[in-house]
Amino acid sequence: MTSPVSVSVEINAPVEKVWAMVTDLPRMGEWSPENQGGEWADGATGPAVGATFKGKNGNGKKNWSTSVKVNAVDAPRKFSFGLMVFGKNWCDWVYEIEPIATGCRVTHSWIDHRGWVSTTLGKVVSGVADRATHNRKNMEVTLQNLAKACAYQDATSYCRVHAR
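Residues numbered from 1 in each chain as written. Predicted model: local features only at pLDDT ≥ 70, side-chain atom pairs only at ≥ 80, totals over all residues. Heavy atoms only, no water.

### Focus: unusual backbone geometry
We apply this condition: Elements are defined by DSSP. Helices are runs of H or I of four residues or more, strands are runs of E of two residues or more, and each kind is numbered from the N terminus. A simple rule labels every residue: compare its accessible area, found with a 1.4 Å probe on the protein chains alone, to the largest value its type can have, and call it buried under 20%, exposed over 50%, or partly exposed in between.
In this chain, A75 is followed by P76 through a cis amide linkage whose omega measures -5 degrees. Tracing the backbone shows P76 in the loop between β4 (62-74) and β5 (78-85). Positive phi is not limited to glycine here, since D42 has a value of about 55 degrees. Inspection of the secondary structure puts D42 in the loop between β2 (35-41) and β3 (52-59). Of the residues examined, D42 reaches a relative accessible area of 72% and is grouped as exposed.

So, in structure tokens, the structure goes:
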């Protein structure tokens, strides 16, 4: 198990706009270098505590599917879901959106819950040995791409990424 990884970005866009984007999991592949999108499952159509989602991911020649379960929704401020493998929560992915004078600050966090067996299995499936470092880099790209998507819709947008 590693320490949580968090990355923040300031986006000149309303909290509600960014909320709509980060909770639209089927579109996440537009921003993430690893996630390729997916679909809500088991009758879910959007973010709600207990809703499930089937995701598609890739890293180089490695491809795999994921199952996630939404574990926190506080619209439009917090959205969190857990990666579920064999009924166990391997990690949480958290988006926190805070209003600021120029728009909002988005903090994207990854919280690892894996033990050594699941860490080893994860490496085999994904090809990633150092998941914390890999995720930090991908999270920075994801937030940069999210900010660019907001900027595309609003020509006055800007972005500054801050890793913690």
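Now that the structure has been shown, we can carry on.
### Points about the layout of surface pockets
How we decide: For cavity detection a 1 Å grid was placed over the protein atoms alone, and a set of points counts as a cavity when a 1.4 Å probe fits there but cannot get out; an open set counts as a pocket when protein lies on both sides within 12 Å along at least five of seven lines, with lining residues being those that have an atom within 4 Å of a point. Grid points are joined across faces, edges and corners, and a volume is the space filled by probe spheres set on the points. In this classification, the charged set is Asp, Glu, Lys and Arg, the nonpolar set is Ala, Val, Leu, Ile, Met, Phe, Trp, Tyr, Cys and Pro, and all remaining amino acids, among them Gly, are polar.
Roughly 720 Å³ of internal volume is contained in the largest pocket. What lines the largest pocket is a set of 36 residues, and nearest its centre among them are E34, N57, W64, T66 and L83. Going through the elements one at a time, β3, β4, β5, β6 (88-100), β7 (103-112), α2 (116-126) and α3 (131-153) are the ones with two or more residues in the lining of the largest pocket. A class-by-class count of the residues in the lining of the largest pocket yields 19 nonpolar, 13 polar and four charged.

### Some details on a nonpolar patch on the surface
To keep it simple, the criterion reads: Patch definition: residues above 30% relative accessible area lacking any salt bridge, with like charges linked at up to 9 Å and the nonpolar side chains Val, Leu, Ile, Met, Phe, Trp and Tyr linked at up to 5 Å. For every accessible area listed, the method is Shrake-Rupley and the probe measures 1.4 Å; residues are considered covered only by the protein chains on display. The working definition used for a salt bridge is a side-chain nitrogen of Lys or Arg within 4 Å of a carboxyl oxygen of Asp or Glu.
A surface patch of nonpolar side chains, about 400 Å² in accessible area, is lined by F86, L121, V124 and V125. Along the chain, F86 turns up in the loop between β5 and β6. On the basis of relative accessible area, F86 is assigned to the exposed category, the value being 74%.

### Some details on the pairing of β5
Along any regular strand the residues' side chains alternate between the sheet's two faces. Here is the rule: Paired strands are those between which DSSP finds at least two bridges.
Where burial is concerned, most of β5 is hidden: six out of the eight residues are buried. As paired elements, β4 and β5 share seven bridges and run antiparallel to each other. Bridged to V68 within β5 is L83. Two successive antiparallel strands, β4 and β5, enclose a turn made up of three residues. Hairpin connection, β5 to β6: the antiparallel pair is bridged by two residues, and F86 has positive phi, about 55 degrees.

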